[in-house]
Amino acid sequence: MKYAKHSRSGVFSFLFLIRIDMANYTYLTQEGLDKLHAELEELKTSGRQEAAKAIAEAREKGDLSENAEYDAAKNAQGMLELRINELEKVLANARLIDTSQLDPTVVTLLSTVEIENIKTGKTFTYTLVSEAESDLKAGKISGNSPIGQGLLGKKEGEIATVTTPAGKMEFKIKKLYR
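All of these numbers come straight from a predicted model, not from anything done at the bench.

**Structural notes on the pattern of salt bridges**
Considering all chains together, one arrives at eight salt bridges under this definition. In this structure, Lys44 engages Glu88 in a salt bridge whose closest nitrogen and oxygen atoms are separated by 2.9 Å. With Lys44 in helix H2 (residues 30-59) and Glu88 in helix H3 (residues 68-92), this residue pair connects regions lying 44 residues apart in the sequence. Judged by relative accessible area, which is 31%, Lys44 ranks as partly exposed. A salt bridge links Arg83 to Glu86; the nearest nitrogen and oxygen atoms lie 3.6 Å apart. With Arg83 and Glu86 both in helix H3 and three residues apart, this pair spans about one turn of that helix. On the accessibility criterion, Arg83 (31% relative accessible area) is partly exposed. The exposure class of Glu86 is partly exposed, given its relative accessible area of 38%.

**Comments concerning the pairing of strand E7 (residues 167-177)**
Sheet analysis places strand E3 (residues 112-117) next to E7, joined by six bridges and oriented antiparallel. Following the sheet pairing, Glu114 is matched in E7 by Lys175. The sheet contact formed by strand E6 (residues 159-164) and E7 spans six bridges and is antiparallel. Across the sheet, Thr161 pairs through a bridge with Glu170, a residue of E7. Between E6 and E7, which follow one another and run antiparallel, lie two residues.

**A few points about the environment of Glu88**
The exposure class assigned to Glu88 is partly exposed, which follows from its relative accessible area of 33%. Separated by 51 residues in sequence, Glu88 and His37 place their C-alpha atoms 8.9 Å apart. If sequence neighbours within four positions are ignored, Glu88 has contacts with Leu40 and Lys44. Here Lys44 takes part through its side chain, which lies 2.9 Å from a polar atom of the side chain of Glu88.

**Structural notes on the nonpolar core**
Ile97, Val107, Val113, Ile115, Leu128 and Leu151 are the most contacted members of the largest nonpolar core, which totals 18 residues. If you list the elements that add at least two residues to this core, you get E3, strand E4 (123-129), E6 and E7. With three residues, the top contributor of residues to this core is E7. The contacts of Ile115, once residues within four sequence positions are left out, are Lys122, Thr123, Phe124, Tyr126, Ile147, Leu151, Phe171, Lys172, Ile173 and Lys174.

**Some words on the environment of Thr26**
For Thr26, the position within the fold is in strand E1 (residues 26-28). As a C-alpha pair, Thr26 and Ile97 span 71 residues in sequence and 9.6 Å in three-dimensional space. Those residues in contact with Thr26 that sit more than four places away from it in its chain are Val90, Asn93, Ala94, Arg95, Ser130 and Ala132.

**Observations regarding the pairing of E3**
Of all six residues in E3, five are buried, a share of seventy percent or more. Two strands pair when backbone bridges link them, and E3 and E4 are joined in this way by five bridges, in the antiparallel orientation. Its bridge partner being in E4, Glu114 is matched across the sheet by Thr125. Linking E3 back to E4 in an antiparallel pair, the connection comprises five residues, with Gly121 at a positive phi of about 80 degrees.

**Some words on the sheet that holds E4**
Ordered in space as E5-E4-E3-E7-E6, the five strands form an open sheet in which the pairing is mixed. For this open sheet the edge positions go to strand E5 (140-142) and E6, each flanked by a neighbour on one side alone. On average, adjacent strands in this sheet sit at an angle of 45 degrees to one another, irrespective of strand direction.

Cut-offs used in this document
- Residues numbered from 1 in each chain as written.
- Predicted model: local features only at pLDDT ≥ 70, side-chain atom pairs only at ≥ 80, totals over all residues.
- Heavy atoms only, no water.
- Salt bridge = Lys/Arg side-chain N within 4 Å of Asp/Glu carboxyl O.
- Helix = DSSP H or I, 4+ residues; strand = E, 2+ residues; numbered from the N terminus.
- Buried < 20%, exposed > 50% of the residue type's maximum accessible area, 1.4 Å probe, protein only.
- Pairing = 2+ DSSP bridges.
- Contact = heavy atoms within 4.5 Å.
- Polar contact = N/O pair within 3.5 Å; in protein donor to acceptor, adjacent residues only side chain to side chain.
- Core = buried A, V, L, I, M, F, W, Y, C linked by side-chain atoms within 4.5 Å.
- Axes fitted to C-alpha atoms, helices over the stretch in contact; angles between N-to-C directions.

Geometric values such as these leave the question of function open.
If you want it as structure tokens, here you go:
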């Protein structure tokens, strides 16, 4: 793990640590961690039972070599096991975010920011979260997203330049909440 000083404040920044190490760990809120545990438990219990039942029903319908229902049930089981495996990996590398360690004057994970698109004047409010918790409809964006990366480390009143597939965009950070 690399340690560095944040150039603006001259002190070690937890934010910088997150940016360096985010590829190895998934930083989650308690709510996000609980949701992933619940989803994993649901998939391992009733999800696997339903998949096994669908395979058994398809098997009863005769010749497996020409049974599309059997193939579909086996594919669904494979997708279920893939999701279980993904969740187990995320949870194995999950780190709970200690909000008391976050600087409330700088945009970090769990910051809620009100930003204004400089070009259009439109205002948006987002909360920065991990990829596992992101939900655009709920106003939660990943810290790894282009907008999230552009906002991390900025302070209220600063301009964040974000590189998107559509080109560069500038956002003014109007308010910062914790």
